[in-house]
Every structure is written in C-alpha cells, then in structure tokens.
Amino acid sequence: MNLNQTSLSAAAAWLVTLLLPFALVLTAVRLLLTPAWIHIEYRTPAFPEDPFGFSLEDRLKWSIISLDFLLNDAGIESMDAHRLDTGAPLYNERETRHLVDTKTIVQGVLVVWYISLGGVLMIGLAARVWNFGDAYQGGIRRGAWVTVGLVAAILLFVVAAFGIFFVFFHEVFFDPGTWTFLTSDTFIRLFPERFWRDAFLWIGGITILEALWLISLTRPKEKKTASKNGPS
C-alpha cells in the first residue's frame, strides 16, 4: 500500500470512528420506535397507572397510533379522526403542535441514522475491496469505545438527575413552552415521565451492548511466533 492509499485508509477509519456513535445510538432509538417496545414498557413493574382512567389497552391503542404518525408521511389532519370515548379529540391544540414538532425531529433522526449506518457499511465494503480491513476494524473499535464512554456518562447523568436532563433535552430540541402539558392532557397520560426515563435507559443500554459486541468482534488477533528451535 503506497502513501496515498495509507492516508486514505486512515482517513476512512477515522470517519468510521466519527459515524459509529451516531449509527449505534440511533439503531437503539429505531428499535424503540416499535409497537413491541411500547408493549414491553407499559408492562414493566410499577409503571404508573393513569389517574384519569386510561386502561392498558387504551394506552397501547393510542400510543401505537401516535407512533405510526411519527413514522409515516401523513399530515396532522390524519389524527383528527381519532377521538376519545368522551368524543373529545385525542390531542388538544398544544399537544398536536408538539406531536408535529416531534415528527419533524424523528424524521430527521432517521435520516441521520440512514446516513451514518450506510456510511459505516459502505466504508466497510471499500475496506474489503481495497484491502484496508485492519484500519477499518481499528476505526470500528475506536468508535465503539468512544460510544461506550459517551453513553455511559449520559446514563450516569440520567440516573442521577433525570429531571435536569429531561429539561435540557427538550430545551435543545423544542421551542420553549411548547413541550409542557397538564397532567390531565392525553400526552402525559400516555407518556408519563417514567416512560421517557426508561426510554433513555433502554437506548443507553442497547447502545452499550452494541458497542461491546463490536469491540469483541474487532479484538486484535494474537500473532503466532515461530519457535527459535524449530518444531519439536
């Protein structure tokens, strides 16, 4: 491999290192954007009941409808047909605005996921074709360790001070005053604070497992050295 090829392979490996944390975290996020995780979460021990009367079946029904909206291409008018037993809209005007904002963020996050994961895989294919697999695996391993460190630090913050983290997260991604609701609002009844705390913990845990798996796969192989005395 000449100097130019070596430089390019090193640059590609560092690009993998930068892309991998996004790919791993957002893979975990995508796994949670499924009805399966919602079914699991609502059945976790001591999950708070809705003091205003939603049953488990109600929560599953409305939350999965909301999830479908976040992932599809429909406009907010598609939610107008969904009414509570009282005849009231599923979400009020403030909640509807927040749902639209959340959909915008989710759709953007999925684009970043496609780009980061696709980039890691495409560089892997290039590494195989142009024979810089060792550099590529080094980039994967480095990115996995970076991911473990960053996510572990965030998880410690979530466990120690989730309220502060939750406010900070929303202030970064949403306009001030657009993400606070009454306890009687549908959004809080379906998704209490416990729901979001668990989501961050699940995302962090899945991400660390992904990273550790990649670290184990890219562990450098020990080189065998020939005996000085030759074969016995």
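Data block above holds the structure.
Report on the accompanying structure. What you see is a predicted model, and the numbers here were worked out from it, not measured in a lab. (Residues numbered from 1 in each chain as written. Predicted model: local features only at pLDDT ≥ 70, side-chain atom pairs only at ≥ 80, totals over all residues. Heavy atoms only, no water.)

### Looking at the nonpolar core
General note: in soluble globular proteins, nonpolar side chains tend to be found buried as a group.
Reasoning step 1: Within the largest apolar cluster, 33 residues are counted, with the highest numbers of intra-cluster contacts made by Tyr-42 and Tyr-91.
Reasoning step 2: Sorting the residues of this core by element identifies α1 (3–32), α2 (35–42), α3 (56–71), α4 (93–130), α7 (186–190) and α8 (193–217) as the ones contributing at least two each.
Reasoning step 3: Sorting elements by how many residues they give to this core places α3 first, with 7 residues.
Reasoning step 4: Filtering out sequence-adjacent residues up to four positions away, Tyr-91 remains in contact with Ser-66, Met-79, Thr-96, Leu-99, Thr-186, Phe-187, Leu-190 and Phe-191.
Reasoning step 5: With 17 residues, the next largest nonpolar core counts Ala-12, Ala-126, Ala-211 and Leu-214 among its residues. (Core = buried A, V, L, I, M, F, W, Y, C linked by side-chain atoms within 4.5 Å. Buried < 20%, exposed > 50% of the residue type's maximum accessible area, 1.4 Å probe, protein only. Helix = DSSP H or I, 4+ residues; strand = E, 2+ residues; numbered from the N terminus. Contact = heavy atoms within 4.5 Å.)

### Some details on the packing of α3 against α4
Reasoning step 1: Interhelical geometry of α3 versus α4 gives an angle of 55° and a closest axis separation of 8 Å. In terms of their interaxial angle, α3 and α4 are classed as oblique. α3 and α4 meet at a crossing whose hand is right-handed. Contact residues: Phe-69, Leu-70 and Leu-71 in α3; Leu-99, Thr-102, Lys-103, Val-106, Gln-107 and Leu-110 in α4. (Axes fitted to C-alpha atoms, helices over the stretch in contact; angles between N-to-C directions. Parallel < 35°, antiparallel > 145°, perpendicular 65-115°, else oblique. Left-handed = near helix turned anticlockwise from the far one by under 90°.)

### A look at the packing of aromatic side chains
Reasoning step 1: For the structure on display, the rule yields 19 aromatic pairs.
Reasoning step 2: An angle of 75° between the planes, with centres 6.5 Å apart, marks the rings of Trp-37 and Trp-202 as edge-to-face. Highlighted residues: Trp-37 in helix α2 and Trp-202 in helix α8, separated in sequence by 165 residues.
Reasoning step 3: We classify Trp-37 as buried; its relative accessible area is 5%.
Reasoning step 4: Under the relative-accessibility criterion, Trp-202 is labelled partly exposed at 34%. (Phe/Tyr/Trp six-rings, centres within 6.5 Å; stacked < 30°, edge-to-face > 60°.)

### Structural notes on unusual backbone geometry
Reasoning step 1: Unusually for a residue other than glycine, Ala-46 sits at a positive phi of about 65°.
Reasoning step 2: In this fold, Ala-46 is placed in the loop between α2 and α3.
Reasoning step 3: A positive phi angle, near 60°, is found at Asn-131, a position not held by glycine.
Reasoning step 4: With respect to the helices and strands, Asn-131 occurs in the loop between α4 and α5 (133–160).
Reasoning step 5: Judged by its relative accessible area of 62%, Asn-131 falls in the exposed class.

### Quick word on α3
Reasoning step 1: Look at α3: 22 Å from first C-alpha to last across 16 residues, which is about the 22 Å you get at 1.5 Å a residue.
Reasoning step 2: Residues of α3 that are buried include every one of Arg-59, Leu-60, Trp-62, Ser-63, Ile-64, Ile-65, Ser-66, Leu-67, Phe-69 and Leu-70, and no others.
Reasoning step 3: On its buried face, α3 is in contact with α2, α4 and α7. (Expected span 1.5 Å × (residues − 1).)

### Some words on the pattern of salt bridges
Reasoning step 1: On inspection of all chains with the given rule, the structure shows 5 salt bridges.
Reasoning step 2: Residue Arg-94 pairs with Asp-185 through a salt bridge whose shortest N-O separation is 2.9 Å. One end of the pair, Arg-94, is in helix α4; the other, Asp-185, is in the loop between α6 (162–173) and α7, with 91 residues separating them in the sequence.
Reasoning step 3: Among the residues examined, Arg-94 registers a relative accessible area of 39% and is labelled partly exposed.
Reasoning step 4: Taking relative accessible area as the criterion, Asp-185 reaches 7% and is therefore assigned buried.
Reasoning step 5: When the shortest N-O distance is used, the salt bridge between Asp-198 and Arg-194 registers 2.7 Å. Residue Asp-198 and its partner Arg-194 are located together in helix α8, separated by 4 residues, close to a single helical turn. Per residue, the accessibility class of Asp-198 equals that of Arg-194, and both read buried. (Salt bridge = Lys/Arg side-chain N within 4 Å of Asp/Glu carboxyl O.)

That is the geometry; function is a separate question.
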